Amino acid sequence: NPAPVDLSTPAGRYRAIRLIRRFEEQALELVKSGVIVGGTHPYIGQEAVAVGVCAALRPQDQITSTHRGHGHVLAKGADPARMLAELAGRVGGLNRGRGGSMHAADLSLGVLGANGIVGAGAPIAAGAAWAAKRAGADRVVVTFFGDGALNQGVLLETWNLAAIWSLPVVFVCENNGYATTLPAASAVSDPGGSGSGVARAAGFGLPAEAVDGMDAEAVLAAATTAVERARGGGGPSYLECTTYRFEGHHTMERRMRLTYRTPEEIAAWRDRDPLERASALLVEGERETIDAEVERTLAAALEFALASPQPDPATAADFLYADGLIPRPGVMV
Amino acid sequence: NPAPVDLSTPAGRYRAIRLIRRFEEQALELVKSGVIVGGTHPYIGQEAVAVGVCAALRPQDQITSTHRGHGHVLAKGADPARMLAELAGRVGGLNRGRGGSMHAADLSLGVLGANGIVGAGAPIAAGAAWAAKRAGADRVVVTFFGDGALNQGVLLETWNLAAIWSLPVVFVCENNGYATTLPAASAVSDPGGSGSGVARAAGFGLPAEAVDGMDAEAVLAAATTAVERARGGGGPSYLECTTYRFEGHHTMERRMRLTYRTPEEIAAWRDRDPLERASALLVEGERETIDAEVERTLAAALEFALASPQPDPATAADFLYADGLIPRPGVMV
Amino acid sequence: MSWLSYLKALNKALDNALATDESVVVLGEDVGAGMSGVTLGLQAKFGPDRVVDTPLSEQAFTSLAVGAALSGLRPVIEFQIPSLLFLTFEQIANQAHKLHLMTGGQASVPVTYLVPGSGSRAGWAGQHSDQPHGLLAHVGIKTVVPATPTDAYGLLTSAIYDPDPVVVFAPAAALGVREDVTAPLEPVPLGSARIHRQGTDVTLVAVGQSVHAALAVAEEFAAEGVDVEVFDPRCVYPFDWVALERSLAKTGRLAVIDDANRYGGLAAEVLAVAAETAHLTAPPVRVTRPDGAVLPFALALDQAMQPDAEQLRRALRTVLK
Amino acid sequence: MSWLSYLKALNKALDNALATDESVVVLGEDVGAGMSGVTLGLQAKFGPDRVVDTPLSEQAFTSLAVGAALSGLRPVIEFQIPSLLFLTFEQIANQAHKLHLMTGGQASVPVTYLVPGSGSRAGWAGQHSDQPHGLLAHVGIKTVVPATPTDAYGLLTSAIYDPDPVVVFAPAAALGVREDVTAPLEPVPLGSARIHRQGTDVTLVAVGQSVHAALAVAEEFAAEGVDVEVFDPRCVYPFDWVALERSLAKTGRLAVIDDANRYGGLAAEVLAVAAETAHLTAPPVRVTRPDGAVLPFALALDQAMQPDAEQLRRALRTVLK
Ligand SMILES: Cc1ncc(C[n+]2csc(CCOP(=O)(O)OP(=O)(O)O)c2C)c(N)n1
Ligand SMILES: Cc1ncc(C[n+]2csc(CCOP(=O)(O)OP(=O)(O)O)c2C)c(N)n1
Ligand SMILES: [Mg+2]
Ligand SMILES: [Mg+2]
């Protein structure tokens, strides 16, 4: 099997962005039709971040992801078919249907897991980086998180541990302007200056930089600096990618009448679509070929997902313990 | 009753330092003799911080304190007799013998409590400051913490809340060089520079400054700036007081053979004793008068404490609930 | 007469408390927008200083509420996820709960923690589906799990005015319950049970959404001539042991349905007390989640981890033998 | 023959694990200096990369251990205070515990959390005196509370090699226990109970330091001709229900002493299971801390909150009636 993504060329990166975009659009439809239960946090609009950062990684490098994690997982090379099967809760899913959208993981690819708790992936990533450093391996670990996570204590503690132990970890903040409805600018003091994520990270001794998160090539360049610093023993970095989610916080939001973002603001960001930006680097005709191939891939993914069986209720407690301990059931008569 | 301390003059501040010093020395003896059970975290060496900071406060201002909190509580005006009775676990103690060394509180004086958990006082202080601000009161709240607390997530989260809500709170870090046996310099990256407490606080948008914590007058000056900034609506500040504890981390340490501090280092800091520094501002003969008065005060305190009864075991669960709910006992036959 | 939903009842309780008492404030994530529904419209009505949007700093704002409470406020904190209680367990169990005793009665901490959407939300998977009332009760924090709109209103109101910390769980599966409310809404004292259905053959203890499952199964059994008493403690802690004793004295049989982990939860405590004090005619039974349950994502598995009506029927049949 | 203290047994278990398995690492505050005694000498022997001093960032390093475990390490975390489990409850209960199921079996998390000095330390007051094994068990985390040096060695060793997270409580009141060790020290499988004293009249369940209180009282009762079986589950979770059933089948009577909060703890679970499955001759009894206990500072109050021998005698007399 060829790798599901190849991020080594601009065309490959365009294709990955397109794949994530269309995967997410398909997921929106599947939420509506009830194939995906519980909804998702769409990544649409932020694709250049996942793709640009993962393009700077090697296969053995690792990532931790977030509640809005589909893009990261796919960009790190997860099979879209098994990813979709996971979202549909099927046994063929990455997590055998046990994790769903917020917990997708593929340890064989270094995807240590999405996470339902904001900021919680960072110390796990630091732990993987710590293990890599101890082992003398030149693996690098990237932890993705949103602007909301900048105010989670555990993330801030982790910055310091990573700094003092010089861990090969890159902290990638996707600042999409909001934590649910809370404007990122209102969650820190003096957002552009002394209270920004970059200033804050620098205060922990981390090399810190902000980059245009709508431009995969710019993200790639900045991520490469940070990743190679980590790989070369230079320790952790903070990279803030300025981006935007085109959809609501969660699919559920479509049913609510929220006013925290103006239509004008959304439109202005849509004009900076990372997909269009990436397409500018393609040669004549390439886009159509890639797009068609992506559709075929996703059609096959959907077919795979729908053909994969639902798990048997009798297996609900399977995998609760790694040693096979079987928990007492909830009724014993 | 006159207030137990008057911090408005250099002589008053000397007296307070002396009171705390001798209180702590008496406590060491009482730990040895078993009157104080469980031991204490001696404040000896750090007195100029508590006294300098509290000298900048008004009576209605509030503080939260730490496991090493005797100095703060006394400097904020607690009755040494009731404080000592608390350490001895008597009903006449500040907390009726329920709190002991690590939980001494006197809400009537704005002492919202010492705390057994590192960093835990900071958000409580911020909450009191938030309430003050909402009420339009010009109260200021100071939260004391050690260098160890700089790596507690909740403290870092609190810095941000205080900054964005412009709360009248002053974050006072007593950097005594160690968190138990861990050198403060090894707990942050680039301690003197980009990773220092001051740099870190500045990264959260807090006005931040370091001051010689062995000099009560210098602490007072710096604290006054921060406190008056808060009182005037200018929001929170960070003040790092460089200091040293002359004794072990905890009285227990005397029985251990620990080598994390050299005798030379301890001696060098003892040469900078804040008590001697403060005494230099006294006029001829004043020191002897004050010292004698302090001894009388502490003798009376001890007498009060020892005369105060031990609590009745039947009252063990008293005060568990504020509404008087009586918990089921541990045995019901 | 008017139909009141559970969610709306919580909203009304907050609305009423904010309107009648200046010291009440609501803090949480997206409370301004009313994402969970509980605070809908309240920020517009009372302003952003009474209904306060917070950054994602649960630990800090949970203890900030303690400091505010010490200064006379009555903060209500909304948590978007039940497991945020894990994140803030230090602040709740080690600080808020302990302060009154540790200060010898000086400090009281009237903070309410409101968790709308506890238990399974169907498809939110392992970290969003906990029902940890047993944890809070073990620690000794007052904990309520209302089953109906009037109780949701009444218990949340009492929680806000209680001088101690109180956790209010509003199970996701109960949020849609509607009730035809005729009497005026009133506070419901903490620690008082409610008998939803009188019965003589067996006492069936249930809280939250399980009360409705219990009532449905009780009706089925009534058709077979079995008279089930549906006993809703409402407060997991403190529990109304007097009322339970009275019920057991009448029925002599006990079943508990509790959508929470089996080991050491509410159901365990009820069985333990019954074993100590009641002279039961038959061994009691529990219907719960398995030990150590983590709800898997796939809907069929998620549901298989929760107690269901069929398990309850089986349990009742056993205890009635 | 040699006398081994409980503290030294823990130290030996760590020493042995560090020496025989490169993947074992110890993390915690002041572990280099060996402040608690448990790690004494280990940093000098194995170096600061195997016995790692951490800053006061419990949440970060607790989850850092998860990431390290995913990469093949077997971290042992030492917590200086039992309530640091509250601070890290998110990392333990919501991350480490749930990962294996949520990843469909991909991720296993062999982390050990060692809490030397749980329960009262006499004079350390409210925030340093918790004994929260019941919380961990309710959530479903493997939890052991050894009573003796050999069990401390054996259970800690098994915890380190277990593929799941395990919490090891070493009660302050047991750390000084010494034992004349004749046989070689061996791992003790998790989930296997130990009968410290065979008896036919009543089963007395106890863990940790309470085992010694139980044995002492059992000897007193023996003098009066009453034969008490002292049953030590060793593992609070998973509990050795098979062994308990066997014991209760023999004695028909049950008492539990547990130095933990009453509501919903280990003792509640044992009584609940007995009520469900055993046909007891007399109502069982529990001797525990009160509901919601916070240990006050003054020594007399601290002690009054904990179960004591006199309460145990009273309880046994009641159950033997
Ligand atoms: C610690 C924590 N608090 C609250 C939540 C509920 N929640 C889920 S996503 C979210 C907003 C996160 O914002 P951000 O980190 O900026 O990521 P984004 O959703 O913008 O991608 C919130 C509040 C959570 N999952 N974890
Ligand atoms: C969160 C937390 N972790 C660990 C401890 C145990 N402990 C008590 S004091 C202390 C060191 C604190 O160092 P620092 O903050 O610098 O204060 P200092 O003791 O130097 O005054 C530690 C680790 C604690 N009480 N709370
Ligand atoms: Mg965001
Ligand atoms: Mg220090």
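The shown structure was predicted, so the numbers you read here are calculated from the model rather than taken from an experiment. (Residues numbered from 1 in each chain as written. Chains lettered and ligands numbered in written order. Predicted model: local features only at pLDDT ≥ 70, side-chain atom pairs only at ≥ 80, totals over all residues. Heavy atoms only, no water.)

A closer look at the overall build of chain C
Put simply, the test is: Numbering of helices and strands runs from the N terminus; a helix is a DSSP stretch of H or I covering at least four residues, while a strand is a stretch of E covering at least two. Throughout, the radius of gyration refers to the C-alpha atoms, and the reference size of a globule is 2.2 Å times the residue count to the power 0.38. Exposure classes here rest on a 1.4 Å probe applied to the protein chains alone. A residue is buried below 20% of its type maximum, exposed above 50%, and partly exposed in between. For the accessible areas, the method is Shrake-Rupley and the probe is 1.4 Å, while residue cover comes only from the protein chains on display. Counted as positive: Lys and Arg. Counted as negative: Asp and Glu, with His and the chain ends omitted from the count. Positions of charges follow a simple convention, taking NZ of Lys, CZ of Arg, CG of Asp or CD of Glu.
Summing up its helical and strand segments, chain C has 12 helices and 14 strands in all. The C-alpha atoms of chain C give a radius of gyration of 19 Å, which matches the 20 Å a tight globule of 321 residues would have. Each principal axis of the C-alpha distribution contributes one length, and for chain C these read about 60 × 45 × 40 Å. Out of the 321 residues belonging to chain C, those deemed buried represent 74%. Here chain C has roughly 8,200 Å² of accessible surface; of this, 52% comes from carbon and sulfur atoms. Between the centroid of the 22 positive side chains of chain C and the centroid of its 34 negative side chains there is a distance of 4 Å.

Digging into the site of ligand 2
Convention followed: A cutoff of 4 Å decides nearness: a residue is near a molecule or strand if any of its heavy atoms lies inside that distance of it. Nitrogen and oxygen atoms within 3.5 Å of one another constitute a polar contact, given that in protein one can donate a hydrogen and the other can accept it, and given that sequence-neighbouring residues count only through two side-chain atoms.
Not every one of the 22 residues close to ligand 2 is listed here, only the nearest: H67, R68, G116 and N176 of chain B together with E58 of chain D. Close to ligand 2, residues of chains B and D are found. Separating an oxygen atom of ligand 2 from a side-chain N or O atom of R68 of chain B is a distance of 2.7 Å. Contact distances for ligand 2 include 3.0 Å between an oxygen atom and a side-chain N or O atom of D147 of chain B. Of all the elements in the fold, those that place two or more residues in the shell around ligand 2 are β4 (178-179) of chain B together with α4 (84-87) of chain D.

Here's the deal with the site of ligand 1
By nearness alone, 22 residues border ligand 1, and H67, R68, G116 and N176 of chain A together with E58 of chain C come closest of all. Near ligand 1, the surrounding residues are drawn from chains A and C. Relative to its unbound accessible surface of 570 Å², ligand 1 loses 96% to contact with the protein. At the level of secondary structure, the elements contributing two or more residues to the shell around ligand 1 comprise β4 (178-179) of chain A together with α4 (84-87) of chain C.

Points about the coordination of the magnesium ion (ligand 4)
Basically, it comes down to this: Distances up to 2.8 Å from the metal define which N, O and S atoms are donors, and 3.2 Å serves for Na, K and Ca; water is absent from the atom set, so sites may look incomplete.
D147 of chain B (OD), N176 of chain B (OD1) and Y178 of chain B (O) make up the full set of protein donors to the magnesium ion (ligand 4), lying at 2.1 to 2.2 Å. In terms of primary sequence, the donors binding the magnesium ion (ligand 4) are separated according to D-x28-N-x1-Y.

Quick notes on the domain arrangement of chain C
Residues and elements named next belong to chain C. As a reminder, the rule being used: Those domain boundaries reflect an automatic or database domain assignment. Any two residues whose heavy atoms approach within 4.5 Å at even a single point are treated as in contact. Salt-bridge detection follows one rule: a side-chain nitrogen of Lys or Arg within 4 Å of a carboxyl oxygen of Asp or Glu. Note on residue categories: nonpolar means Ala, Val, Leu, Ile, Met, Phe, Trp, Tyr, Cys or Pro, charged means Asp, Glu, Lys or Arg, and polar means any other residue, Gly included.
Each domain of chain C was delimited in the assignment, giving domain 1 (2-181) and domain 2 (194-320). For domain 1 versus domain 2, the separation of C-alpha centres amounts to 26 Å. Listed by partner, the interface residues are 27 residues for domain 1 and 24 residues for domain 2. The tally of links from domain 1 across to domain 2 stands at two salt bridges. For D151, the salt bridge goes to R234, with nearest N and O atoms at 2.9 Å. Here domain 1 and domain 2 share 13 residue pairs in polar contact (both at pLDDT 80 or more) between them. Partitioned by chemical class, the residues of the side of domain 1 that touches domain 2 number 13 nonpolar, 11 polar and three charged.

Section: the interface of chain A and chain B
Note the threshold: Using a 1.4 Å probe, buried area is obtained as the accessible area two parts lose upon being combined, added over both of them.
Chain A puts 21 residues into the contact, and the matching count from chain B is 21 residues. Summed over both partners, the interface of chain A with chain B comes to about 1,400 Å²; 52% of that surface belongs to carbon and sulfur atoms. Where chain A touches chain B, the interface holds zero salt bridges. Taken together, the links from chain A to chain B amount to 10 residue pairs in polar contact (both at pLDDT 80 or more). Put simply, the parts of the chain that give the side of chain A that touches chain B at least two residues each are α6 (153-164), α7 (184-187) and α8 (197-203) of chain A. Looking at which element gives the most residues to the side of chain A that touches chain B, the answer is α6 of chain A, with six residues. Split into classes, the residues belonging to the side of chain A that touches chain B amount to eight nonpolar, 11 polar and two charged.

Let's talk about the interface of chain C and chain D
Contacts between the two partners involve 50 residues from chain C and, on the opposite side, 50 residues from chain D. Between chain C and chain D, the buried area comes to about 4,400 Å², and carbon and sulfur atoms account for 60% of it. Per-residue buried area on chain C facing chain D is highest for H138, Y263 and E276 of chain C; these three make up 20% of the total on that side. Linking chain C with chain D are eight salt bridges. A salt bridge links E276 of chain D to R262 of chain C, with the nearest nitrogen and oxygen atoms 2.9 Å apart. If you look at where chain C meets chain D, you find 27 residue pairs in polar contact (both at pLDDT 80 or more). Among the elements of the structure, α4, α5 (89-102), α6 (133-139), β12 (235-237), α10 (266-277) and β14 (285-287) of chain C are those that each provide at least two residues to the side of chain C that touches chain D. Tallying contributions element by element places α5 of chain C first for the side of chain C that touches chain D, with nine residues.

Thoughts on the relation of the copies chain A and chain B
Going by this rule: Here the copies are superposed with least squares, the fitted atoms being C-alpha atoms of residues at a pLDDT of at least 70 in both.
In screw terms, the move from chain A to chain B is a rotation of 180° and a rise of 0.0 Å along the axis, fitting with an RMSD of 0.0 Å. On the angle and the small slide along the axis, the relation comes out as a two-fold axis. Closest to the rotation axis within chain A is the C-alpha of G153 of chain A, separated from it by 1.8 Å. Of all interface residues in chain A, 100% are interface residues in chain B too; the two copies therefore contact each other through one and the same surface.

Some points on the pattern of salt bridges
Counted according to the given criterion, the structure contains 76 salt bridges over all chains. Of the charged contacts, one joins D212 of chain A and R272 of chain A as a salt bridge, the two residues approaching to 2.9 Å between their closest N and O atoms. With D212 of chain A in strand β6 (residues 208-212) and R272 of chain A in the loop between α10 (263-270) and α11 (274-279), the pair connects residues that are 60 residues apart, well separated along the chain. Judged by relative accessible area, D212 of chain A falls into the partly exposed class, the value being 23%. With relative accessibility at 32%, the residue R272 of chain A sits in the partly exposed group. Here D151 of chain C ties to R194 of chain C by a salt bridge, and the two come within 3.0 Å at their closest N and O atoms. Taken together, the positions of D151 of chain C in helix α7 (residues 149-161) and R194 of chain C in strand β9 (residues 194-197) put the pair 43 residues apart, joining distant regions of the chain.

Brief notes about the coordination of the magnesium ion (ligand 3)
All names here are of chain A. The protein atoms that coordinate the magnesium ion (ligand 3) are D147 (OD), N176 (OD1) and Y178 (O), at distances spanning 2.1 to 2.2 Å. In the primary structure, the donors to the magnesium ion (ligand 3) are separated according to the pattern D-x28-N-x1-Y. A residue pair is termed long-range when its members are at least 10 positions apart, and D147 in the loop between β2 (141-146) and α6 and N176 in the loop between β3 (169-175) and β4 qualify at 29 residues.

Things to note about empty space enclosed by the protein
The probe, sized like a water molecule, is rolled over the atoms to show the empty space still left. The cut-off we apply is this: Definitions used for this entry: grid spacing 1 Å over protein atoms alone; cavity, a set of points where a 1.4 Å probe fits but cannot get out; pocket, an open set with protein on both sides within 12 Å along at least 5 of 7 lines; lining residue, one with an atom within 4 Å of a point. Grid points are joined across faces, edges and corners, and a volume is the space filled by probe spheres set on the points.
All chains considered together, the criterion is met by 17 cavities of 30 Å³ or more. In terms of lining, the largest cavity is formed by 18 residues, of which the most central are F86, D130, Q131, N261 and A293 of chain D. When residues of the lining of the largest cavity are traced back to their parent elements, those giving at least two are α5 and α6 of chain C. With three residues, the top contributor of residues to the lining of the largest cavity is α5 of chain C.

Thoughts on the sheet that holds strand β10 (residues 202-206) of chain D
Residue and element names in this part refer to chain D. As a reminder of what qualifies: A pair of strands is labelled paired if DSSP reports no fewer than 2 bridges between them. An axis is simply a line fitted to the C-alpha atoms; with a helix, the fit covers only the stretch in contact. Between two such axes, the angle follows the N-to-C directions and lies from 0 to 180 degrees.
Sheet architecture is open: five strands sit in the order β9-β11-β10-β13-β14, paired in mixed fashion. Bordering the open sheet on either side are β9 (194-197) and β14 (285-287), each of which pairs with just one other strand. For this sheet the average axis-to-axis angle between neighbouring strands, irrespective of direction, equals 25°. Bridging between strand β13 (residues 254-257) and β14 involves three bridges; their strand directions are parallel. When the bridges of β14 are listed, I257 appears paired with V287. With respect to the sheet, helix α9 (residues 210-223) is in contact with β9, β10, β11 (228-232) and β13, its orientation differing from that of β11 by roughly 170°.

Side note on helix α13 (residues 309-320) of chain D
In plain terms, the rule: Each residue after the first adds 1.5 Å to the expected span of a helix.
Its 12 residues give α13 of chain D an end-to-end C-alpha distance of 16 Å, which sits within 8% of 16 Å, the value for a rise of 1.5 Å per residue. Summarising the contacts, the buried residues of α13 of chain D are in contact with β10, α9, β13 and β14 of chain D.

Describing the pairing of β10 of chain D
All names here are of chain D. Keep this limit in mind: Convention used here: a crossover is right-handed provided that the path from the first strand, over the helix, to the second strand proceeds clockwise when the strands point away from the viewer.
Most of β10 is tucked away: five of the five residues are buried. Strand direction decides the pairing type here: β10 and β11, joined by four bridges, are parallel. What sits directly across from T203, in β11, is E229. In terms of handedness, the path from β10 via α9 over to β11 forms a crossover that is right-handed. Sheet topology places β10 next to β13; four bridges connect them, and they run parallel.

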